[in-house]
Amino acid sequence: MKHIPEELLLFLNKYSHYIIASHKEPDGDSVGSSRAMDHFLRSKGKTTTLLSAGPFKRPELHGMEHYFAQRIDPASLSADTGVLVLDCSNIERVGDAAEGITHLDRVVIDHHATNSAEGPADYIDSHAPSTTVLVQAIIEHVNGAVSAEEADCLLFGLCTDTGYFRHLDKSQGEAFHCAGRLAEAGADPKKTYSRITGGKSFGSRILISRILGRMQSYYDGALIISWETLAETAEFGMEGRDSDSLYQLIQSISGVEAIVVIRQETETNCTVGFRSRDKIDVSQVASSFGGGGHRQASGLSIAGTIEELLPRLVEAFAPQFAALDV
């Protein structure tokens, strides 16, 4: 794990109030890292505001929305305010919630491979499995250990971003040491697993079956693409989505190296999710369309329709599959 910048430690002491901002459409890592940082800063006598544009539609995030503000009135801010941007590459990924705070001094803490932040206080480590691991490192560096409340938030984020450790390879053994220390501090792995995997709706299983039923294969079955229609988005909403289970089922197909799921969010815009095993870097494809993420998990939001985007996405994988001789 990368060394924590001394400039970051100084930044965390510099202001009396901190805005902790994370990306729109939050996930377990953004919420877990934000809430753990919030606990940490408050324990140091700081005041904080958690900021997220939402929506908090994932089942595992139900009950979390009330911790976060969706907007901040700039007139209410003092000059003694700093901003921490967690689990995203820049303030723009915070979305509309960032209005009124872009002028403030800020630092980025993130683990995405496509992050290009280069400030001396920015803490970017693309080898870290989650942003919560970086936040844990900061807290342990300063305090020696995490509190029970912090441990609960941190384990939740670590487990969601690693698929409960399924996505880790042999180079990321440190994540298990991190998890062990969190359990010793009071986090409950069994309850965390139930929170992540339970509570799915009946409709989510219907939606998965529909998406599976329209899968298309390319490059001799190494690439699988499917989609969710605008009508299904209206019918099931984000509450009906269970991307982790969907990707697991598709990845279990023999020969699959990469997966793309396109979702028609509006008549003119789609979101696209990418997953891969080991040989394909989906962050390269996502970034070529303006998105980003990790080698094995990336995403983007893009103007267009499923029909327009599908052939473009297939073609974008051509160089990598050609290199594999698929």
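The structure contained in this document is the topic of the report that follows. (Residues numbered from 1 in each chain as written. Predicted model: local features only at pLDDT ≥ 70, side-chain atom pairs only at ≥ 80, totals over all residues. Heavy atoms only, no water.)

Before going further, it helps to examine the sheet that holds strand β4 (residues 106–110). With parallel pairing, the 5 strands of this open sheet are ordered in space as β2-β1-β3-β4-β5. Of all strands in the sheet, those with a lone pairing partner are β2 (47–51) and β5 (123–124), marking the two edges. As judged from the 2 bridges shared by β4 and β5, these two strands associate in the parallel manner. Residue I109 lies in a different strand from β5, and its bridge partner there is Y123. (Pairing = 2+ DSSP bridges. Helix = DSSP H or I, 4+ residues; strand = E, 2+ residues; numbered from the N terminus.)

Counting residues in hydrophobic clusters, the biggest one holds 47 residues, and the most contacted among them are M37, L84, I109 and I138. For this core, the leading source of residues is helix α4 (residues 148–161), giving 7 residues. (Core = buried A, V, L, I, M, F, W, Y, C linked by side-chain atoms within 4.5 Å. Buried < 20%, exposed > 50% of the residue type's maximum accessible area, 1.4 Å probe, protein only.)

What follows deals with the pattern of salt bridges. Going through the model one piece at a time under the given rule, you end up with 16 salt bridges. The closest approach of N and O atoms between R205 and D242, which form a salt bridge, is 2.8 Å. With a gap of 37 residues between them, R205 in helix α7 (residues 202–213) and D242 in the loop between α8 (230–236) and α9 (243–251) connect regions that are remote in the sequence. For R205, a relative accessible area of 39% puts it in the partly exposed group. A relative accessible area of 8% places D242 in the buried class. Its salt-bridge partner being E228, residue R263 comes within 3.0 Å of it at the nearest N-O pair. Within this pair, whereas R263 is found in strand β8 (residues 258–264), its partner E228 is found in strand β7 (residues 223–228), the two being separated by 35 residues in sequence. Across the pair, exposure class does not vary: R263 and E228 are buried alike. Connected through shared salt-bridge partners, E60, K200, R205 and D242 make up one network. (Salt bridge = Lys/Arg side-chain N within 4 Å of Asp/Glu carboxyl O.)

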